Amino acid sequence: GMSPVMMFYNSDIQHRDKLCAFAHVLRRNRRCTDSVIDVGCGYGQLASYLPDAPYLGVDPVPAMVAAARLRYPRREFVCQDATSVTRGAAWALLVGVLNSVPNAAELLAAAWRLCSTALVADVIHHGTLPETFTNLNRFRPGLVATYIRQLGARRIEVAARSKYWRILVAWK
């Protein structure tokens, strides 16, 4: 079955903590009518943390989208690469996605294109994970912020942090 461990989390608790942090950022900033696009939604777990949000989950892996549709039948999920998605939302979310894809800059630009209000993404902070974790990207948050500013962000904030990751909010 689908689990956080298969998505590079050490445990259910670690995954839940990250989802709670994203949900908290949205509760603090999102208007109740604002729509959300969850880019790289996996099996859709974030949908359960946003019960009132107009929600679209996007993932390129058919098995993930099928699992998401089974778990959350009242939510919309599409099997598509984010770079080809045309339907946007007020908020674009990248939960744990940039850390595990080969095209992080391209995906970040695609998510930026899809949002009209803000982009929320987490990055693993460079130098915090052991070198044995070779399958995960690491970032210098300042360089990520510079890249997002080049995309057109008017404001960027670090909305949450842990020992290993930072959640960035980039406002249009």
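Above this text you will find the structure in question.
Residues numbered from 1 in each chain as written. Predicted model: local features only at pLDDT ≥ 70, side-chain atom pairs only at ≥ 80, totals over all residues. Heavy atoms only, no water.

A. View of the packing of aromatic side chains. In total, this model carries 2 aromatic pairs according to the counting rule given. Here the aromatic rings of Tyr55 and Phe77 are separated by 5.6 Å at their centres, their planes lie at 65 degrees, and the arrangement is edge-to-face. With Tyr55 in strand β2 (residues 55-59) and Phe77 in strand β3 (residues 76-79), the pair connects residues that are 22 residues apart, well separated along the chain. Pairing Trp91 with Trp171 gives two aromatic rings, centres 5.3 Å apart and planes at 75 degrees, and the pair type is edge-to-face. Of this pair, Trp91 sits in strand β4 (residues 89-94) while Trp171 sits in strand β7 (residues 165-171), and the two are 80 residues apart along the sequence. (Phe/Tyr/Trp six-rings, centres within 6.5 Å; stacked < 30°, edge-to-face > 60°. Helix = DSSP H or I, 4+ residues; strand = E, 2+ residues; numbered from the N terminus.)

B. Just the nonpolar core, in detail. Within the largest apolar cluster, 30 residues are counted, with the highest numbers of intra-cluster contacts made by Ile37, Val39, Leu94, Leu98, Leu107, Leu119 and Ile148. Mapped onto this core, the elements with two or more residues apiece are β1 (36-39), β2, β4, α3 (104-114), β5 (115-124), α4 (141-151) and β7. If one sorts the elements of this core by residue count, α3 sits on top with 6 residues. Beyond its immediate stretch of four places on either side in the chain, Leu98 contacts Ala104, Leu107, Leu108, Ala121, Asp122, Val123, Asn137 and Phe139. Of all hydrophobic cores here, the second largest spans 29 residues; its members include Phe22, Cys41, Ala160 and Trp165. (Core = buried A, V, L, I, M, F, W, Y, C linked by side-chain atoms within 4.5 Å. Buried < 20%, exposed > 50% of the residue type's maximum accessible area, 1.4 Å probe, protein only. Contact = heavy atoms within 4.5 Å.)

C. Spotlight on α4. Those residues of α4 lying buried are Pro141, Val144, Ala145 and Ile148. In an axial view of α4, the angular spread of the buried residues amounts to 100 degrees, which keeps them on one side of the axis. For α4, exposure combined with an orientation more than 90 degrees from the buried face picks out Leu143 and Gln150. Where α4 is buried, its residues contact α3, β5, β6 (155-161) and β7. Among the residues trailing α4, Gly152 stands out with phi positive, at a value near 125 degrees. (Arc of directions from axis to C-beta.)

D. The arrangement of helix α2 (residues 62-71) in detail. Those residues of α2 that sit buried are Met64, Val65, Ala67 and Ala68. The arc enclosing the buried residues of α2, seen along the axis, measures out at 160 degrees, which places them on a common side. Seen from the buried face of α2, the exposed residues on the opposite side, beyond 90 degrees, are Pro62 and Leu70. Where the residues of α2 are buried, they touch β2 and β3.

E. Here's a closer look at the sheet that holds β1. Pairing is mixed in the open sheet, where 7 strands are placed in the order β3-β2-β1-β4-β5-β7-β6. The open sheet has two edge strands, β3 and β6, and neither has a second partner. Ignoring strand direction, the axes of neighbouring strands in this sheet form an average angle of 20 degrees. Inspection of the sheet shows β6 paired to β7 by 6 bridges, in the antiparallel sense. The partner of Val158 across the bridge, within β7, is Leu168. Each of β2 and β3 touches α2; the most contacted strand, β3, lies at about 165 degrees to it. Packed onto the sheet, α4 meets β5, β6 and β7 and runs at close to 20 degrees relative to β7. (Pairing = 2+ DSSP bridges. Axes fitted to C-alpha atoms, helices over the stretch in contact; angles between N-to-C directions.)

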